[in-house]
Amino acid sequence: MNVEFLFFLETVLNGLMAGVMYALVALGFALIFKASGIFNFAQGVMALFAALTLVGLQTGQVPFAHLINAIFGTEVHHFGWELPAIIAIAGTLVVMVAFAYLFEGLVLKHLVNQEPIILFMATIGLAYFLEGFGDLMWGADIKPMDVGIPSGGSFWWEDVTREWAPEGSDYFGMYVDKLDVVAAIVAVVLVSALVAFSQYTKFGRALRAVADDHQAALSVGISLRTIWVVVWSIAGFVALVAGIMWGAKSGVQFSLSLIALKALPVLILGGFTSIPGAIVGGLIIGVGEKLAELYIGPLVGGAIENWFAYVVALMFLLFRPQGLFGERIIERI
Amino acid sequence: MRFKLLVASAAAAMVMGTAPAFADLVFPSLSYRTGPYAPNGIPFADGYADYFTLINERDGGVEGQMIKLIECETGYNTEKGVECYESTKGEGALLYQPLSTGITYQLIPKATADNIPVHSMGYGRTSAANGKVFPWVFNYPGTYWDAASIIVKYINDQEGGDLNGKKIALVYHNSAYGKEPIRTLEELAKKHGYELSLYPVDHPGQEQKATWLQIRKERPDYVTMWGWGVMNQVAIQEAANIRFPMDHFIGVWWSASENDVLPAGDGANGYKAIAFHGVGSDFPLFDDLKKYVIDAGKAAGDGSHLGEVLYNRGVYAAMLAVEAARTAMKLHDTTDITPTMMRDGMEALVLDNARMAEIGLPNFGPEINVTCSNHGGPGLGAISQWDANSKTWSLVTDFMGADREVVDALIMEDSEAYAAENNIEPVACGS
């Protein structure tokens, strides 16, 4: 194969991988929107908070150490032990479930049957609160994330693809990050499980009923509070997965909350209510922005991938306002 | 009526009680301890505050005048930075160090109008080094253009003095800050014959795959980086992922902290960056910081950042402010200095090796001699390198000078254009 074509394929492949990473964030949004009609502005911050908690537990960091030391004049920072990644992940899940329970009890239950914009505003408040709370609890330092996921270019894939280039060319193989491959596998498993849960379980149907109409769902005996706790717990789990993958790339730091910006065009394109749509949308956005950056970017000064993702999403919006997989809303007058 | 008088008196007493004594040396700190850039803002703010605390605790202030630090949170946000400036300038502020190129650009006309000096140490508008056009702005001991030139000089040395046909790539934050070195690198490319390729990265820079795929394809001989925040960590990680030789990857001094290299682990080993001050804590001053500030429980933070690159930079910035204030006091024969006197002190600042040793920072930075026309200082830089095993930076070269022929011409051209655009009559300097 021609080296330029191989480079094109490499770009597409890496675009797909980047798209999976975006989809991991978008999934959390889609899940909550599908089950409760709430656009959760705090999803990015939840990913950050989950990642902070995971690293904090894993490295034995004392939560609220700065506050404790300031009040009591102590000098405590670490417990002196380190936890295996799997136990730290389990501990983080417990924290995220507790968070879901508290958020439901303190905020959501008071907002039953309110306009979506009110619920949206509540999630904006949650985002700012959680960011500050995370800072207070775990500190603002950048924390390296190490849960044993391999990263770096795959030698095996480079060797395989090197053979595809013409004889004598100095092509050195196609690049793919092992971390991205792991993320792709995790995303496929996650989406399959969530789709199965949503479509084929009684609880999943209850989730969809709540999303359609809070009051109607309540009138047929669905416990709104239980549904919300479960949905926000699952969203917390998805946030943890996204936090691990993104944290492994750049370390766990507060800019992690900005990954939500990467999820928005994915949601516009895939549809806010579709779990598979989050994945397909992510893949299209990932490939679209990478190809644009590499082939259009040099013509217009570069750094176009961020906004180009929104251009792609808006183009789809012109033809399918509900997104590729979103539910078409028909209002009869 | 009596009650109103009582309230008014109480209010007046409270105001009198909280206002700074006129003799205080007021140094606002436009810090960012929250938000995405907090990991960089915290150590700098800690170092800046701790040095002032040391001077107060150990020496009883500067020539008997206590330093009052007013910290204002900017979140690295330009609008908030300007708000901080407006809300603190009335407190008798002697000097602003905005710690943000964006904020610096906004403060240049404001501070000039208010007659308050700005010290953008190694950042901000490079052409502010021309003191004739920017009498209230200082960027010693070096500028971005000095940094770009020194990096090219180092690469030239590494390549045996011949850069003809070599490829150098610049990966930069797509902002005013990141674009600063482009013109210099282009001019130097003409002079040395290397091929320059540019790779902008949009804020915040968490996703750079397209950039590094291009670099992997183009295979530049060297990559240099003007990044900040998460962009640095991701770039270093991606460079390690594509197995770019890290000793051929050289960042500017804002892409050179522990924060930038630690997330990449062993992959960051050998990464290089330019530095305008020393690294580590092996200086006598740090013993005093520990004794009088950290161990005494008076540190701004928890003391854990002592000796880190950005903590050291905060200490260095505060030390330069104190030395300028001392110079101003001598110059005007008073310890009760105004912002105008502070400016004069900055413009007359001479910091030689002997004085640096007295301060407890021998060979920590180059000698500085600021003049009316040169607010950029000596423009020297050294190359530092990261050792992932020991998790330490070390300087691998001496402090080197920039290509003054190229850099000074660019400074002159840019500052004169600014003066023309803004109807500024350059001040006359003696020589």
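Look a little higher up for the structure.
Residues numbered from 1 in each chain as written. Chains lettered and ligands numbered in written order. Predicted model: local features only at pLDDT ≥ 70, side-chain atom pairs only at ≥ 80, totals over all residues. Heavy atoms only, no water.

Draft legend 1. Broad picture of the overall build of chain B. For chain B, the count of helices and strands is 15 helices and 14 strands. Here chain B has a C-alpha radius of gyration of 22 Å; the compact-globule value for 431 residues is 22 Å, and the two agree. Projecting the C-alpha coordinates of chain B onto the three principal axes gives extents of approximately 80 × 50 × 45 Å. Out of the 431 residues belonging to chain B, those deemed buried represent 59%. Put simply, 70% of the contacts in chain B that link residues at least 6 apart link residues at least 24 apart. (Helix = DSSP H or I, 4+ residues; strand = E, 2+ residues; numbered from the N terminus. Rg over C-alpha atoms; globule rule 2.2 N^0.38 Å. Buried < 20%, exposed > 50% of the residue type's maximum accessible area, 1.4 Å probe, protein only. Contact = heavy atoms within 4.5 Å.)

Draft legend 2. Main features of the pattern of salt bridges. Residues and elements named next belong to chain B. Summed over the entire model, instances satisfying the criterion amount to 37 salt bridges over all chains. Residue Arg 404 is joined to Asp 146 by a salt bridge in which the shortest nitrogen-to-oxygen separation is 3.1 Å. Residue Arg 404 is located in helix H15 (residues 404-421), and its partner Asp 146 is located in helix H5 (residues 144-158); the two are separated by 258 residues in the primary sequence. Residue class for Arg 404 comes out partly exposed when judged on its relative accessible area of 30%. (Salt bridge = Lys/Arg side-chain N within 4 Å of Asp/Glu carboxyl O.)

Draft legend 3. Geometry of unusual backbone geometry. All names here are of chain B. For the peptide bond that leads from Tyr 140 to Pro 141, omega is 10°, which places it in the cis range. Tracing the chain through its elements places Pro 141 in the loop between strand E4 (137-138) and H5. Here the residue pair His 203 and Pro 204 is connected by a cis peptide bond, since its omega of 0° sits within 30 degrees of zero. Considering the arrangement of structural elements, one finds Pro 204 in the loop between strand E6 (195-201) and helix H8 (209-218).

Draft legend 4. Quick peek at the packing of aromatic side chains. Inspection of the entire model under this criterion finds 42 aromatic pairs over all chains. A centroid spacing of 5.5 Å and a plane angle of 65° characterise the contact between Phe 64 of chain A and Phe 133 of chain A, whose relative ring orientation is edge-to-face. Within this pair, whereas Phe 64 of chain A is found in the loop between helix H2 (43-58) and helix H3 (65-72), its partner Phe 133 of chain A is found in helix H5 (residues 116-138), the two being separated by 69 residues in sequence. Centre to centre, the rings of Phe 27 of chain B and Phe 52 of chain B are 5.0 Å apart; their planes meet at 10°, and the pair counts as stacked. Placement of Phe 27 of chain B in strand E1 (residues 25-31) and of Phe 52 of chain B in helix H2 (residues 38-59) is noted, with a sequence separation of 25 residues between them. In this structure Phe 27 of chain B comes out as buried when scored by relative accessible area, which is 0%. An aromatic cluster is defined as three or more aromatic residues linked by ring pairs; in this entry it consists of Phe 29, Phe 33, Phe 39, Phe 41, Phe 120 and Phe 272 of chain A. Sitting above the plane of the Phe 7 of chain A ring, Lys 217 of chain B keeps its charged end 4.4 Å from the centroid. (Phe/Tyr/Trp six-rings, centres within 6.5 Å; stacked < 30°, edge-to-face > 60°. Lys NZ or Arg CZ within 6 Å of the ring centre and 35° of its normal.)

Draft legend 5. Molecular detail of H2 of chain A. All names here are of chain A. In this model, H2 (16 residues) spans 22 Å end to end at C-alpha, consistent with the 22 Å of a helix rising 1.5 Å per residue. Taking burial as the measure, the 16 residues of H2 include 15 buried ones, the bulk of the element. Of the residues trailing H2, Gly 60 is marked for its positive phi of about 70°. (Expected span 1.5 Å × (residues − 1).)

Draft legend 6. Examining the interface of chain A and chain B more closely. Listed by partner, the interface residues are 49 residues for chain A and 35 residues for chain B. For the pair chain A and chain B, the summed buried area comes to about 3500 Å², and 55% of that belongs to carbon and sulfur atoms. Here chain A is connected to chain B by seven salt bridges. Its salt-bridge partner being Asp 170 of chain A, residue Arg 219 of chain B comes within 3.4 Å of it at the nearest N-O pair. Between the two partners, chain A and chain B, sit 14 residue pairs in polar contact (both at pLDDT 80 or more). Listing elements by their share of the side of chain A that touches chain B, those giving two or more residues are helix H1 (3-36), H5, helix H6 (155-162), helix H10 (224-250), helix H12 (275-300) and helix H13 (305-319) of chain A. Broken down by element, the side of chain A that touches chain B gets its largest block of residues, seven residues, from H1 of chain A. Classifying every residue of the side of chain A that touches chain B by side-chain character gives 20 nonpolar, 14 polar and 15 charged. (Buried area = accessible area lost by both parts, 1.4 Å probe. Polar contact = N/O pair within 3.5 Å; in protein donor to acceptor, adjacent residues only side chain to side chain. Nonpolar A, V, L, I, M, F, W, Y, C, P; charged D, E, K, R; others polar.)

Draft legend 7. Summary view of the nonpolar core. By size, the foremost hydrophobic cluster in this structure holds 103 residues, and its most contacted members are Met 145 and Trp 232 of chain A. Take this core: its biggest share by element is 17 residues, from H1 of chain A. Each residue touching Trp 232 of chain A, except ones within four places of it in the same chain, is listed here: Ile 32, Asn 40, Met 46, Phe 99, Ala 100, Phe 103, Leu 108, Thr 123 and Leu 126 of chain A. Among the nonpolar cores identified, the runner-up in size contains 89 residues, and Phe 138, Ile 182, Leu 185 and Met 319 of chain B belong to it. (Core = buried A, V, L, I, M, F, W, Y, C linked by side-chain atoms within 4.5 Å.)

Draft legend 8. Structural view of the state of the cysteines. Residues and elements named next belong to chain B. The tally for this structure, following the rule as stated, stands at two disulfides over all chains. Across the disulfide from Cys 72 sits Cys 84; the S-S distance is 2.0 Å. Measuring handedness by torsion sign, the sulfur bridge of Cys 72 and Cys 84 sits at about -75° and is left-handed. Residue Cys 72 is found in strand E2 (residues 67-73), and its partner Cys 84 is found in helix H3 (residues 78-88); the two are separated by twelve residues along the sequence. For Cys 72, a relative accessible area of 16% translates into the label buried. Disulfide pairing is shown between Cys 372 and Cys 429; the S-S distance is 1.8 Å. (Disulfide = S-S within 2.5 Å.)

Draft legend 9. Broad picture of the side chain of Lys 143 of chain A. Residue and element names in this part refer to chain A. Structurally, Lys 143 can be placed in the loop between H5 and H6. For the buried Lys 143, no salt bridge is present, and the opposite-charge side chain at shortest range is Asp 141, 5.6 Å distant. Here the side chain of Lys 143 touches Asp 141 through a polar contact of 3.1 Å, landing on its backbone oxygen. Apart from residues lying up to four places away in sequence, Lys 143 is in contact with Leu 52, Val 55, Gln 61, Trp 138, Gly 251 and Val 252. (Lys, Arg positive; Asp, Glu negative; His and termini not counted.)

Draft legend 10. Seen up close, the pairing of strand E13 (residues 392-395) of chain B. Residues and elements named next belong to chain B. As paired strands, strand E12 (residues 380-387) and E13 are joined by four bridges and run antiparallel to one another. Counted as the bridge partner of Trp 386 is Trp 393 from E13. Linking E12 to E13, which pair antiparallel, is a turn of four residues; within it Lys 391 sits at a positive phi near 55°. (Pairing = 2+ DSSP bridges.)

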